[in-house]
Amino acid sequence: MYSFVQHILNGLAAGTVYALVALGYTMVYGVLKLINFAHGDVMMVGVYVGYAVAYAVGRALWGEWYVAVLVFGVAMLACALIGLAIERFAYRPLRERPRLTALITAIGISFAISYSFQLDLSVHAFGRELTVLPGAASRGFPDIITRTVWMQLGSDDDGIKIWNWQVLSFGIALALMVGLQFLVFKTRFGRAMRAVSFDHRVAALMGIPVDRVIAFTFALGSALAATAGILYAIKDRKIEPLMGLMVGLKAFVAAVIGGIGHVPGAVVGALALGLCEEFVAGYTSSSWRDAVAFGFLIVVLLLRPEGLFGRVQAEKV
Amino acid sequence: MRELALAVLTLALVACEKKSTVETPPAGDQKQAAKAGGAESDVILIGEVGSLTGSEAAFGISTRNGVDLAIEEANEAGGVKGKKLAVRVYDDQSKPEEAASAVTRLLTQDKVKLILGEVASSNSLAMAPKAQAAKVPMISPSSTNPTVTEVGDYIFRVCFIDPFQGYVMAKYAREELKFNTAAILKDVKSAYSVGLTEVFERKFTEMGGKVVGTEAYSKGDSDFRAQLTALKKLKPQGLYIPGYYNDVGAIAQQAEELGLKTVMMGGDGWDGPPLFELGGKAIEGSYVSNHYSAEDPSPIVQNFIKKYQERFKVVPDSLAALGYDSARVGIEAMKRAPSLDGPALREAIAATKEFPGVAGTITLNAKRDAEKPAVVLQVKDGKFHYVATVKP
């Protein structure tokens, strides 16, 4: 019985990370109709920025709340800037080209980021050795949040523990989902985003600063990715330059299952995917995990091509 | 939706495509390589394939350091047959298909006399048939899966094999730790892990123990909670995880988080510096079987450690020691061989007897495997400490 509850808990924890990554995917897709495959790799960069900040602050201060805030803050800022740069230099010049061109570019950027992070590069500056690129080896993410048991059910030997960071991640994911929903539907900026999403040429004629709206969307999506990445790193600890590829792909699946472009849909899709994977791995064999995850996608696309929450769009011929 | 289908298809294509990325020799070797290319006749070229990037990068880097040290020493001592030695290293990104293309390049383009590599058995298995077909001897420093040298008579190794390693841990768990039950968590993507699992399971059962459960993961996973939750129910006294350091660290952390109380055991795959960074306190008290211990007081080991530390500023792990041994076995055979042609060099390597390696004395048997004892180490205070030696 306890192990069943534990499985649910594990699945929700995995789903939470997918959800946060999926939110970024879905937002960019919603506005630009572009699947930003580099999103998972931006997440990875955020994790490494957080790693660097944590070590720059020093081991002695880990566990202090302001260190955690600093780690999240700097990583989000760095990722927002990277997002802006990618949009400005890679996607904007291609905006009027066929959509496939931008998609391939996105894949190119994804590999450029993840493979360049596998190089070892350090420079000698300020009297010490500074690592510029981390290299391929896995590293352990520092414990910037002191792990404590938030709630315990049953005994130590036979029972489950809910950890503070699990509650925190889940809370952050839900808060961000609500926040995004508010931003998109209740603010002036959200209206501009929706207008650009509808037709960016017409939106421009109406006086909406299209470039700025899109750039901001990318910055916001990338900052979300940084948050997701750090929560992911706190959860699983193991970080490596290729970590973004699989998570990015899974989050993409989650976003499609929920109906891409739909904010709560992405979260529901992600949690469903996380639970589905967990039960497959826990009760059958972990080798089936990815097959089932992607099989799930195919089934959803066959039965409801627009995703669970997506709206059917009539195509003009 | 058409775009979406297209996107998925493109991604699948790209996933296949990225396998053919071209490797670049690491900066440090370019100089040597250029020299070797310029004046082919003055230099004996040795090829090495290693995982310098990718998931097992720490293995490849340690091995390369060990090989470099052995080559430098040989060159300082005057080289072989009046010629200097050079090594050309290609990175295989920890992937078998890359290892196969790297070895092809070494054989056909660089025309090396000897091949050193790989660490992971899956990668060595991808390389061995090519070396065998080209009749160029290949020495694997640390691939422990038995099938590696079964590929053919040009394939050698300077380490013990999995059945022995699995036997060592099963015996230690049963006789010294007195475990009655054990569970296994194996990496299904690695020939090494599957091989160790098989032997451990058989030997542990033969010695009267009971394997209560086996779960699997795939290399590169980062969430092992589903499997660990399933294993927790079974309450095993010991948990055998014959995986690699980067996964094991995360597994240990998550096991602790889930409240899985057991003693973890593993093999030489645990031996990489990130293990302690990843595993932290959760890894304390675990046992591993390994090739050598840096605490061994014998002069040959201490001498090697001193030189290695001077050169690379870190304590060598077993992969470094085995890389060093593999290169030295090869160099020593080159000195003995009448010529450096494949068949002659093969004969010379096969005749290796009582060679004083850092990781134990090496005698190559009829199966071209090294017969030597293993050590059992325990993790204490973020380090491996020697606890026992188990002889074949």
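Residues numbered from 1 in each chain as written. Chains lettered and ligands numbered in written order. Predicted model: local features only at pLDDT ≥ 70, side-chain atom pairs only at ≥ 80, totals over all residues. Heavy atoms only, no water.

Student: Honestly, helix α12 (residues 299–312) of chain B in this entry has me stumped. Any pointers?
Tutor: Note that an α-helix has 3.6 residues per turn; residues three or four places apart therefore point the same way. Residues and elements named next belong to chain B. Here α12 is 14 residues long and its end C-alpha atoms lie 20 Å apart, about the 20 Å a rise of 1.5 Å per residue gives. Every buried residue belonging to α12 is among V301, F304, I305, Y308 and F312, and all of these are buried. One side of α12 holds all its buried residues, which, seen down the axis, span an arc of 100°. Set apart from the buried face of α12 by more than 90 degrees, the exposed residues are P299, K306 and E310. Contacts made by the buried residues of α12 are with α3 (57–76) and α13 (318–336). K313 lies just past α12 and shows a positive phi near 65°. (Helix = DSSP H or I, 4+ residues; strand = E, 2+ residues; numbered from the N terminus. Expected span 1.5 Å × (residues − 1). Buried < 20%, exposed > 50% of the residue type's maximum accessible area, 1.4 Å probe, protein only. Arc of directions from axis to C-beta. Contact = heavy atoms within 4.5 Å.)

Student: I'm lost on the side chain of N164 of chain A in this one. Help?
Tutor: Secondary-structure assignment places N164 of chain A in helix α5 (residues 164–186). Classification of N164 of chain A by relative accessible area gives buried; the value is 18%.

Student: I keep staring at the pattern of salt bridges and nothing clicks. Help me out?
Tutor: Applying the stated rule across the entire model yields 25 salt bridges over all chains. Here K238 of chain A ties to D247 of chain B by a salt bridge, and the two come within 2.7 Å at their closest N and O atoms. Linking K238 of chain A in strand β6 (residues 238–239) with D247 of chain B in helix α10 (residues 245–258), this pair reaches from one chain into another. Summarising the burial analysis for this pair, K238 of chain A and D247 of chain B share the class buried. (Salt bridge = Lys/Arg side-chain N within 4 Å of Asp/Glu carboxyl O.)

Student: Please explain the interface of chain B and chain A as it appears in this structure.
Tutor: Bring the parts together and some accessible area is lost; that lost area is often taken as the interface size. Across the boundary between the two partners, chain B contributes 44 residues, which contact 49 residues of chain A. In this assembly, chain B packs against chain A so that about 3900 Å² is buried in total across both faces, 54% of it on carbon and sulfur atoms. Where chain B meets chain A, there are 4 salt bridges. At the junction of chain B with chain A, the criterion picks out 16 residue pairs in polar contact (both at pLDDT 80 or more). Only α1 (2–17), β7 (210–217), α9 (225–232), α10 and α11 (274–279) of chain B provide two or more residues apiece to the side of chain B that touches chain A. Its residues assigned to classes, the side of chain B that touches chain A comprises 17 nonpolar, 13 polar and 14 charged. (Buried area = accessible area lost by both parts, 1.4 Å probe. Polar contact = N/O pair within 3.5 Å; in protein donor to acceptor, adjacent residues only side chain to side chain. Nonpolar A, V, L, I, M, F, W, Y, C, P; charged D, E, K, R; others polar.)

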